[in-house]
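Structural description and commentary
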Amino acid sequence: MLDIKFVRENLNVVRESLEKRGMEADLDRFAELDEKRRKLLFDVEQLKHIRNTVSEEIAELKRVGKDVQEKTLSMRVLSQKIKSLDAQVRELDVALKGMMLDIPNIPHPSVPIGADERDNEAIRCWGEPPKFDFEPKAHWDIGTKLGILDFERAGKIAGTRFALYWGLGAQLERALINFMLDLHTREHGYLEVFPPILVNEGSMIGTGQLPKFSIELYKCQDDDLYLIPTAEVCVTNIHRDEILDGRLFPLKYVAYTPCFRREAGAAGRETRGLIRQHQFNKVELVKFAKPEESYDELDSLTKDAEEVLRRLGLHYRVVVLCTGDLGFSASKTYDLEVWMPGHGTYKEISSCSNFEDFQARRANIRYRPEPKAKLRYVHTLNGSGLAIGRTVAALLENYQQKDGSVIIPKVLRPYMGGVDRIKGR
RNA sequence: GGAGGAGUCGCAUAGAGGCUGAGUGCAGCCGCCUGCUAAGCGGCUAACCCCGAUAGAAUCGGGGUUCGAGGGUUCGAAUCCCUCCUCCUCCGCCA
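Here goes a summary of the coordinates provided. (Residues numbered from 1 in each chain as written. Chains lettered and ligands numbered in written order. Predicted model: local features only at pLDDT ≥ 70, side-chain atom pairs only at ≥ 80, totals over all residues. Heavy atoms only, no water.)

1. As for the protein's contact with RNA strand B
The local shell around RNA strand B holds 26 residues, among which His49, Arg63, Arg76, Ser79 and Lys83 are the closest. Counting only atoms of RNA strand B within 4 Å of the protein, the sugar-phosphate share comes to 74%. Within the backbone of Ser55, one N or O atom sits 3.1 Å away from a base nitrogen of RNA strand B. In the environment of RNA strand B, a sugar or linking oxygen lies 3.2 Å from a nitrogen or oxygen atom belonging to the side chain of Arg366. Going through the elements one at a time, helix 1 (4-9), helix 3 (27-63), helix 4 (69-102) and strand 11 (365-368) are the ones with two or more residues in the surface near RNA strand B. Here the surface near RNA strand B takes 14 residues from helix 3, the largest share from any one element. Residue composition of the surface near RNA strand B, grouped by class: 6 nonpolar, 5 polar and 15 charged. (Near = heavy atom within 4 Å. Polar contact = N/O pair within 3.5 Å; in protein donor to acceptor, adjacent residues only side chain to side chain. Helix = DSSP H or I, 4+ residues; strand = E, 2+ residues; numbered from the N terminus. Nonpolar A, V, L, I, M, F, W, Y, C, P; charged D, E, K, R; others polar.)

Have a look at this one:
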């Protein structure tokens with residue numbers, strides 16, 4: 001959420017930012033309702049002032065045993081008036097809050113302007129695509145043939161866009177989770193957390209999934225609970241409604257969780273394989289930072305995620321998302337895209353974002369910069385470090401051999417009981 | 001799931017319709033006093049919103065709101081009533 005005062009005083013900045021994103025909002029209506037609300041609020045507060053004063057007088061009169069009837073009667077009228085004005089203010093509050101919750105974050109000035117992912121800018125590359133003396137296969141063919149991935153039975157159990165892992169496939173998934181958690185906790189200084197993955201509506205509003213993107217979420221029918229689409233939700237909301245100690249910044253958390261997405265807008269896209277699943281595992285990095293340090297923290301968070309790919313020996317590039325591709329809550333996002341030989345393309349495997357104070361304002365997460373200073377909103381950041389299913393896909397495609405087996409990178413072997421190659425069941 | 005109890009300023013607690021603009025203690029900060037420390041004395045220790053002053057984020061003045069959340073009763077609610085949430089105790093069920 002943007003600061004309502006900022007929006008009030010910078011309507012054009014907000015309008016421009018919406019335009020850059022290719023989005024719309026009725027800002028004229030916002031201005032009108034906001035104006036109306038403040039006028040009403042001013043009126044009702046004046047009436048409340050009278051009520052407070054007269055109530056005091058009534059108390060005083062009763063104390064000395066004087067008649068109070070006349071004042072009480074006139075106050076009864078005033079009180080009704082206040083009640084009705086209060087209701088009107090509340091109505092406008094709800095309308096304005098609703099509008100504010102639907103306005104996306106303002107992109108950072110360094111974000112390239114563009115319409116969609118084709119306008120994203122690649123800023124760096126690491127490694128080389130592996131060379132094959134045969135036609136590299138897609139990971140679903142490799143995995144199915146090796147008997148470690150079973151999409152048919154997953155479809156029977158749950159439906160399309162679900163996967164069943166067997167044997168070394170399941171172990172590889174688990175090995176990657178542990179490898180990533182160990183790397184981030186032992187070498188990058190993150191604190192491991194294991195949060196609830198069913199969360200309430202307040203948490204979803206806090207990070208920006210609700211109210212606008214409910215179509216992407218799985219909701220429990222009989223409870224006010226949602227399955228998380230990313231650990232960003234539960235980990236960022238750890239500090240909802242808290243005042244944090246700025247001396248401890250940056251706070252760095254890492255969490256492994258399953259994630260659940262309805263993929264409502266992706267019908268027909270990437271229906272095969274592990275790339276786009278309703279349920280997938282992810283190791284997520286989350287930071288709480290001071291505003292003046294948050295972009296440095298974004299850079300180091302991105303590097304922390306990149307380190308996973310480097311150690312796995314996977315060729316990747318880093319792109320800056322353009323305004324049209326930028327997420328609703330983000331000010332700036334770097335995507336890590338891993339090379340997928342079976343597809344012949346790069347695929348997003350991590351998304352690292354700075355939300356500035358957008359989520360902090362929604363979730364009410366603040367800190368006091370100095371002992372006597374005013375409270376400020378923190379900046380929140382997060383990034384995948386990494387998406388596990390997509391990493392499995394990338395490993396299968398990049399390390400596939402002519403005989404259909406797949407080499408396990410050295411760093412994972414200790415996590416696989418020393419297995420150096422998957423040759424099938 | 002059932003039955004009780006509780007949620008008040010950083011922590012601990014008082015408060016039971018109007019002398020509460022929420023008191024007290026602790027911790028913390030700033031003074032004073034002091035050879036040093038301790039003690040003592042005085043002060044400060046909440047957030048948000050609206051209006052006004054100023055070129056302004058700062059700051060100042062006025063007003064409003066907030067005692068878990070939301071409604072209600074009343075001229076007036078921390079206090080009474082209703083709904084919900086969270087925590088604790090006991091019972092039942094359960095990995």
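Once you've had a look at it, read on.
2. Concerning the side chain of Thr230
Residue position: Thr230 is located in the loop between strand 4 (225-227) and helix 9 (231-236). Here the side chain of Thr230 touches Glu232 through a polar contact of 3.0 Å, landing on its backbone nitrogen. Side-chain polar atoms of Thr230 contact the side chain of Lys282, separated by 2.9 Å.

3. Quick word on the sheet that holds strand 9 (residues 332-340)
Remark on secondary structure: sheet strands pair via backbone hydrogen bonds, oriented parallel or antiparallel. Strand order across the open sheet formed by 8 strands is 1-8-9-10-13-7-6-2, with mixed pairing between neighbours. The sheet is open, and its two borders are formed by strand 1 (121-126) and strand 2 (191-193), each paired with just one other strand. Taking each pair of neighbouring strands and ignoring which way they run, the sheet shows an average axis angle of 25 degrees. Pairing geometry for strand 6 (residues 251-260) and strand 7 (residues 279-289), over 10 bridges, is antiparallel. In the strand pairing of strand 7, Phe260 is matched with Gln279. Most of the contacts of helix 10 (residues 294-312) go to strand 13 (residues 379-387), to which it runs at about 5 degrees, and overall it touches strand 1, strand 7, strand 8 (316-320), strand 9, strand 10 (345-354) and strand 13. Contacts from helix 12 (residues 388-398) reach strand 7, strand 9, strand 10 and strand 13 within the one sheet, and its direction differs from that of strand 13 by about 40 degrees. (Pairing = 2+ DSSP bridges. Axes fitted to C-alpha atoms, helices over the stretch in contact; angles between N-to-C directions. Contact = heavy atoms within 4.5 Å.)

4. Description of the sheet that holds strand 5 (residues 242-245)
Pairing is mixed in the open sheet, where 3 strands are placed in the order 5-11-12. In the strand order of this sheet, the two ends are held by strand 5 and strand 12 (376-377), each with one partner. Pairing analysis gives 4 bridges linking strand 5 to strand 11, with the strands arranged parallel. Opposite Ile243, over in strand 11, you have Arg366 as the bridge partner.

5. Topic: the packing of aromatic side chains
In total, this model carries 8 aromatic pairs according to the counting rule given. Considering the side-chain rings of Trp126 and Tyr316, the 5.9 Å spacing of their centres and the 20 degrees angle between planes classify their relative orientation as stacked. Highlighted residues: Trp126 in strand 1 and Tyr316 in strand 8, separated in sequence by 190 residues. When its relative accessible area of 27% is taken as the criterion, Trp126 is described as partly exposed. (Phe/Tyr/Trp six-rings, centres within 6.5 Å; stacked < 30°, edge-to-face > 60°. Buried < 20%, exposed > 50% of the residue type's maximum accessible area, 1.4 Å probe, protein only.)

6. Some points on the pairing of strand 8
For strand 8, the tally of buried residues reaches 4 of 5 residues, placing the bulk of the element in the interior. As judged from the 5 bridges shared by strand 1 and strand 8, these two strands associate in the antiparallel manner. Pairing of Cys125 across the sheet is with Arg317, part of strand 8.

7. Focus on unusual backbone geometry
Residue Pro211 is reached from Leu210 by a cis peptide bond, and omega for that bond is 5 degrees. Residue Leu386 is reached from Gly385 by a cis peptide bond, and omega for that bond is 10 degrees. One can find Leu386 in strand 13. Despite not being glycine, Glu263 has its phi angle at roughly 55 degrees, a positive value.

8. Thoughts on the state of the cysteines
Inspection of every chain in the model, using the stated rule, returns 0 disulfides. No disulfide involves Cys234; its nearest neighbouring cysteine sulfur is the one of Cys259, lying 8.2 Å away. Take Cys234: its relative accessible area is 7%, and that puts it in the buried class. Looking at Cys352, it has no disulfide partner, and the nearest cysteine sulfur is the one in Cys259, 14 Å off. Residue Cys352 is classed as buried on the basis of its relative accessible area of 0%. (Disulfide = S-S within 2.5 Å.)

9. Structural notes on the pairing of strand 6
Along strand 6, 9 of the 10 residues are buried, which leaves the element largely enclosed by surrounding structure. Pairing geometry for strand 2 and strand 6, over 3 bridges, is parallel. Its bridge partner being in strand 6, Glu192 is matched across the sheet by Val254.

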